[in-house]
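Residue-level structural notes
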Amino acid sequence: YQRRVHGHAQSWKTVFMTGVYFPGQVFAVFFLLNLMLWAKAASSAVPFGTLFTLVGLWFCVSVPLVLVGAVFGYKRPAIEHPLSVNQIPRYIPLQKWYLRPPVTVVLAGIIPFGAAFIELFFILSSLWLNKFYYVFGFFALVMVILTITCAEISIVMIYFQLCYEDYHWWWRSFFISGSSGLHLFAYSIFYFITTLKIKNFWSGLLYFGWMGVMSYFFAVMTGTIGFIATFFFVRKIYSALKVD
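The rules behind each value
- Residues numbered from 1 in each chain as written.
- Predicted model: local features only at pLDDT ≥ 70, side-chain atom pairs only at ≥ 80, totals over all residues.
- Heavy atoms only, no water.
- Axes fitted to C-alpha atoms, helices over the stretch in contact; angles between N-to-C directions.
- Helix = DSSP H or I, 4+ residues; strand = E, 2+ residues; numbered from the N terminus.
- Contact = heavy atoms within 4.5 Å.
- Nonpolar A, V, L, I, M, F, W, Y, C, P; charged D, E, K, R; others polar.
- Patch = residues over 30% accessible without salt bridge, like charges linked within 9 Å, V, L, I, M, F, W, Y side chains within 5 Å.
- Areas by Shrake-Rupley, 256 points an atom, 1.4 Å probe, with all protein chains shown as cover.
- Salt bridge = Lys/Arg side-chain N within 4 Å of Asp/Glu carboxyl O.
- Buried < 20%, exposed > 50% of the residue type's maximum accessible area, 1.4 Å probe, protein only.
- Core = buried A, V, L, I, M, F, W, Y, C linked by side-chain atoms within 4.5 Å.
- Arc of directions from axis to C-beta.
- pLDDT = per-residue confidence, 0-100.
- Polar contact = N/O pair within 3.5 Å; in protein donor to acceptor, adjacent residues only side chain to side chain.
- Parallel < 35°, antiparallel > 145°, perpendicular 65-115°, else oblique.
- Phe/Tyr/Trp six-rings, centres within 6.5 Å; stacked < 30°, edge-to-face > 60°.

1. A few points about the packing of helix H4 (residues 101-108) against helix H8 (residues 170-178)
Contact geometry of H4 with H8 gives a least axis separation of 6 Å together with a crossing angle of 35°. Contacts between H4 and H8 involve Pro101, Thr104, Val105 and Ala108 on the former and, on the latter, Arg172, Phe175 and Ile176. Partitioned by chemical class, the residues of the contact of H4 with H8 number five nonpolar, one polar and one charged.

Written out as structure tokens, the structure is:
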């Protein structure tokens with residue numbers, strides 16, 4: 001991505017961070033929660049040998065595959081921008097309140113979350129109430145709807161932003177759909193209060209720890225979908241412009 005989109009030279013530091021940053025954060029939370037289970041002598045604690053195996057798979061399989069992908073990626077030509085970019089940053093007019101980042105990011109994330117809201121209840125029930133989950137066909141349909149919704153809401157919001165001459169769309173396109181992870185975590189709090197009957201502090205900490213990981217993963221997934229869709233949309237509309 002860095003090579004093809006930005007045209008940057010090889011940066012193995014960036015490649016390494018790609019392989020360890022997100023998995024490292026998830027593994028750190030997993031290790032801390034498992035350490036808590038060890039301290040409580042819980043039967044659900046993951047043995048040390050299994051942890052060592054997971055780390056081995058991470059650094060012996062996942063990270064090398066990232067490096068292999070980077071090698072092939074750096075050999076491909078960079079994606080050329082449809083128009084030349086002015087070296088002098090253009091003045092951005094004062095934006096209306098409903099187009100400012102905090103408002104657009106938080107409110108727009110409700111739509112992707114709403115697309116998966118019903119299915120999330122059944123998923124949480126299967127995870128925390130030991131109920132069987134068998135509607136995998138409906139789950140696949142919800143994932144398709146969620147993908148389309150993330151792409152559309154990011155494209156629409158970035159289109160309005162560009163119409164008001166604000167060209168800082170890169171991270172905005174990610175956070176617009178990625179903010180649905182915040183709504184998922186907020187829903188997990190509501191689910192904990194209204195559905196689960198957990199009184200033990202450590203059990204609650206375990207619940208919110210894993211729901212934080214789940215919400216983080218959901219935010220990264222939906223944000224990536226929104227950014228990729230917006231990236232190709234912006235390229236498409238600007239490639240249609242004819243500049244003499």
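2. What about a nonpolar patch on the surface?
Taken together, Phe31, Leu32, Leu35, Trp38, Phe48 and Phe52 make up a surface patch of nonpolar side chains, about 650 Å² in accessible area. Put simply, the parts of the chain that give the nonpolar patch at least two residues each are helix H2 (12-39) and helix H3 (48-75). Residue contributions to the nonpolar patch peak at four residues, all from H2. Of note, Phe48 is situated in helix H3.

3. Structural notes on the pattern of salt bridges
For side chains bearing opposite charge, pairing can occur when the charged atoms are close. Tallied over the entire structure, the rule returns one salt bridge. Residue Asp166 pairs with Arg172 through a salt bridge whose shortest N-O separation is 3.1 Å. By relative accessible area, Arg172 is classed as buried at 11%.

4. Some words on the nonpolar core
Counting residues in each nonpolar core, the largest one holds 15 residues, and the members touching the most others are Tyr191 and Tyr207. If you list the elements that add at least two residues to this core, you get helix H6 (117-128), helix H7 (136-163), helix H9 (180-194) and helix H10 (201-239). Ignoring sequence-local partners within four residues, the contact set of Tyr207 consists of Trp128, Ser188, Tyr191, Phe192 and Leu196. Of all hydrophobic cores here, the second largest spans 12 residues; its members include Met157, Leu162, Phe231 and Val234.

5. Some details on H4
The complete set of buried residues in H4 reads Thr104, Val105 and Ala108. For H4, the angular spread of buried residues about the axis comes to 95°, placing them on one side. Opposite the buried face of H4, at more than 90 degrees from it, the exposed residues are Pro102 and Leu107. For H4, the elements touching its buried residues are helix H5 (110-115), H7 and H8.

6. Thoughts on the confidence of the model for the protein
Within the protein, residue pLDDT values average 86, and 95% of them lie at 70 or more. Mean pLDDT in the protein bottoms out at helix H1 (residues 2-6), which sits at 51, and peaks at H9, which reaches 94.

7. A short note on the side chain of Thr230
Examined against the element boundaries, Thr230 turns out to sit in helix H10. Overall, the relative accessible area of 0% leaves Thr230 in the buried class. In terms of polar contacts, Thr230 uses its side chain to reach the backbone carbonyl oxygen of Gly226, at 2.7 Å. Ignoring sequence-local partners within four residues, the contact set of Thr230 consists of Ser154, Ile155, Ile158, Trp169 and Ser173.

8. Focus on unusual backbone geometry
Despite not being glycine, Ala41 has its phi angle at roughly 55°, a positive value. Its place among the elements puts Ala41 in the loop between H2 and H3. Even without being glycine, Glu165 reaches a positive phi, approximately 65°. Looking at where Glu165 falls in the secondary structure, it is placed in the loop between H7 and H8.

9. A few points about the packing of H2 against H10
Look at H2 against H10: their axes get within 10 Å of each other, and the N-to-C directions meet at 170°. On the basis of their axis angle, the class for H2 and H10 is roughly antiparallel. Contacts between H2 and H10 involve Tyr21, Phe22, Gln25, Val26, Val29, Phe30, Leu33, Met36 and Leu37 from the first element and Trp202, Leu205, Leu206, Gly209, Trp210, Val213, Tyr216, Phe217 and Val220 from the second. In terms of residue class, the contact of H2 with H10 is built from 16 nonpolar, two polar and no charged.

10. Considerations on the packing of aromatic side chains
Note on aromatic pairs: each is described by the distance of the centres and the angle between the planes. With the rule as written, the count across this model stands at 34 aromatic pairs. With a centroid separation of 6.3 Å and an interplanar angle of 35°, the aromatic rings of Phe22 and Phe217 are classed as tilted. Here Phe22 is found in helix H2, whereas its partner Phe217 is found in helix H10, with 195 residues between them in sequence. Judged by relative accessible area, which is 25%, Phe22 ranks as partly exposed. Take Phe217: its relative accessible area is 47%, and that puts it in the partly exposed class. Consider the rings of Tyr207 and Phe208, whose centres lie 5.1 Å apart with planes at 80°: the pair is edge-to-face. Judged by relative accessible area, Tyr207 falls into the buried class, the value being 0%. Residue Phe208 is classed as partly exposed on the basis of its relative accessible area, which comes to 26%.

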